[in-house]
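# Fold and geometry: a report
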Amino acid sequence: MTTRPSMREIETRLLARWPETQLDPSLDRIVNVMRMLGDPQRRFRSVHITGTNGKTSTARMIEALLAASGEHTGRLTSPHLTSIRERIGIAEEVIAVPAFRSAYSAVGKQAELVDATMPHPLSFFEMTVAMAYRAFADAAVDVAVVEVGMGGRWDATNVIDAEVAVVLPVDLDHTDYLGPTAAAIAGEKAGIIKPGSVAVSARQPAEVAEVLRARAREVAARLVVEGEDFCLLRRTVVEGGQVVSVRGLHSTYSNVFLALHGRHQAENAASAVVAAEAALGRQLDFGVVQAVLGRVTSPGRFDVRPGDPPVILDAAHNPHGARALAESLTELAPRRTFAVIAAMADKNVEDILRELEPVVDVAVCTRNSSPRSLPPTRLAAIARQVFGAQRVHIAFNVPTALDKARALAAWLPAQPSDALVLVTGSVVTVGDAARVLPAPGRTGLAEPPVGKPVPG
């Protein structure tokens, strides 16, 4: 009798495949393995999400809205923070170990056959996508909320024919694979918009908006655009998050508490509400919107962990994400911020640091557990050009950098509440920190005493 592999064995086998950062622009491998599995991705409806930042947070909101509206849901997001199983969700919960092992066993057998016929074997990411789609079919989900890995047109997730496509703000990232301009990147991301679908677009630069309009015309999709067809009407910063009002496609949802920080998350929530409306073809129950947005979490995205000082984990890994992080920090009561930063060597590190410089007092430069991580000494050399030498320190892994940041904060001549530790630069950096930090909880991290409305 054949014994199913353990989780450790599965992860080892998956990681031995092509890394998800290595891209071969072809859907042939994933199409073939899905066909051999009986095309499980055809057995459920789907919502497909692309954009430069905000995909995971928006996916979690859309899934929660659909689940609370009576749909049996699946969710595929990437990358993960601490466990590979986090990538696949069933009914808002991380996939159980038996279901994960079953999906791997089913896909692994077919993958070996496909590998033998193709110039390149299935990648790590292609395997996890196939496993997710098989798991969704096995669980008989009604609808899956799917985040692309990179781009859209050639992304392995794009073997679904999503009824709803969501294009979050497009900016420069992965330019070596997706193109050197926002318009070129938009052309890749627009590939998830399928014939006859509803395409939900966040606010975009003019050149990106034109690419999306052209794609929608080409495939006869209905394009709904933030600022024209729906909008964030207003937002007010309050303790623990913000209060938002959203005009959707079918209704207006006023004065709803959102348990996430930052203007970008308020706009993500607007896109999520509209995507859920489009998937259901009707307005959402107001009580559902209140309950879901009031409890939603997004681990590693302005994720506040208790402590003295408290720690914020944020996976910003490009200038666009760093800009949103900086804006969110300015909405908190003033504190001195001690940042633990580790980034991948292929990222635009200097521009990330320039976005963070106005809101970071001290930078502790380190490396994360990925072999792609920029060495601390090289990161610190760049940081000194941005912050000045006196504000830059070095540590050689994330846990040590956390200890150093806390020690530096302890030297403040005021109360501990005047300090904040920030961990950022990469999802891997945040995952390394999350493994050694307490779970989220009440932190005493306050917003300004009087919340003021901010126009949407």
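The sections below set out a description of the structure shown in this document.

### Some points on the pattern of salt bridges
Counted under the stated rule, the structure contains 24 salt bridges. The salt bridge partner of Arg153 is Glu188, with a shortest N-O separation of 2.8 Å. One end of the pair, Arg153, is in the loop between strand S5 (143-147) and strand S6 (164-167); the other, Glu188, is in helix H7 (residues 182-189), and 35 residues separate them in sequence. Judged by relative accessible area, which is 37%, Arg153 ranks as partly exposed. Exposure remark for Glu188: the relative accessible area of 15% places this residue in the buried category.

### A word on the pairing of strand S15 (residues 362-365)
Each regular strand shows side chains that alternate between the opposite faces of the sheet. Of the two faces of S15, the one carrying Val362 and Val364 and the one carrying Ala363 and Cys365 are both buried. The sheet contact formed by strand S14 (residues 336-341) and S15 spans four bridges and is parallel. Note on S15: the bridge partner recorded for Phe338 is Val362. Regarding topology, helix H12 (residues 349-356) serves as the crossover connection from S14 to the parallel S15, and that connection is right-handed. Relative to strand S16 (residues 392-394), S15 is paired through three bridges, and the arrangement is parallel.

### Focus: the sheet that holds S6
Ordered in space as S4-S3-S2-S5-S1-S6-S7-S8, the eight strands form an open sheet in which the pairing is mixed. Strands with a single pairing partner mark the edges of an open sheet, and in this sheet they are strand S4 (93-94) and strand S8 (222-225). Where strand S3 (residues 88-90) meets S4, two bridges bridge the pair, whose relative direction is antiparallel. Of the residues in S4, the one forming a bridge with Gly89 is Val94. Across the sheet, helix H9 (residues 263-280) lies against strand S1 (45-50), S6, strand S7 (198-201) and S8, angled at about 170° from S6, the strand it touches most.

### Details of helix H10 (residues 286-295)
An α-helix turns once per 3.6 residues; consequently, residues spaced three or four apart project the same way. Looking only at H10, the buried set comprises Val288, Val289, Val292 and Leu293. Projected down its long axis, H10 carries its buried residues within an arc of 110°, all on one side. Looking at the buried positions of H10, the neighbouring elements they touch are helix H3 (55-68), strand S11 (252-258) and H9. N-capping of H10 is provided by Asp285, with a side-chain oxygen placed 2.9 Å from the backbone N of Gly287.

### Some words on the nonpolar core
Among the nonpolar cores identified, the biggest contains 41 residues, and Ile62, Leu65, Leu66 and Val166 are the most heavily contacted of them. Sorting elements by how many residues they give to this core places H9 first, with eleven residues. With near-sequence residues (within four places) excluded, Leu65 lies in contact with Ala272, Val273, Ala276, Leu284, Val288, Val289 and Val292. If you look at the next biggest cluster of nonpolar residues, it comprises 40 residues, including Ile90, Ala111, Phe136 and Ala156.

Thresholds applied
- The residue numbering used here restarts from 1 in each chain and proceeds along that chain's sequence as written.
- In view of the model being predicted, local features appear only for residues whose pLDDT reaches at least 70, and side-chain atom pairs are presented and counted only at 80 or more, with totals across whole chains, interfaces and linings using the full set of residues.
- Note that the side-chain values use all heavy atoms of the structure and ignore hydrogens as well as water.
- Definition used for salt bridges: Asp or Glu carboxyl oxygen within 4 Å of a side-chain nitrogen of Lys or Arg.
- Only DSSP runs of H or I reaching four residues or more are called helices, and only runs of E reaching two or more are called strands; each is numbered from the N terminus.
- Only protein chains enter the calculation, and the probe is 1.4 Å; a residue is then buried if its accessible area is under 20% of its type maximum, exposed if over 50%, and partly exposed in between.
- Any two strands with at least two DSSP-identified bridges between them are counted as paired.
- Handedness of a crossover is defined as follows: with both strands directed away from the viewer, a clockwise route from the first strand across the helix to the second makes it right-handed.
- Only heavy atoms matter for contacts: two residues are in contact if any of them lie within 4.5 Å across the pair.
- Angles run from 0 to 180 degrees between N-to-C directions of axes, and those axes are lines fitted to C-alpha atoms, restricted for helices to the stretch in contact.
- Directions pointing from the helix axis toward each C-beta atom define the arc.
- Polar contacts, as counted here, are pairs of nitrogen or oxygen atoms within 3.5 Å of one another; within protein the pair requires one atom able to donate a hydrogen and one able to accept it, and residues that are adjacent in sequence qualify only if both atoms are side-chain atoms.
- By convention a nonpolar core is built from buried Ala, Val, Leu, Ile, Met, Phe, Trp, Tyr and Cys residues, the set being connected through side-chain atoms within 4.5 Å.

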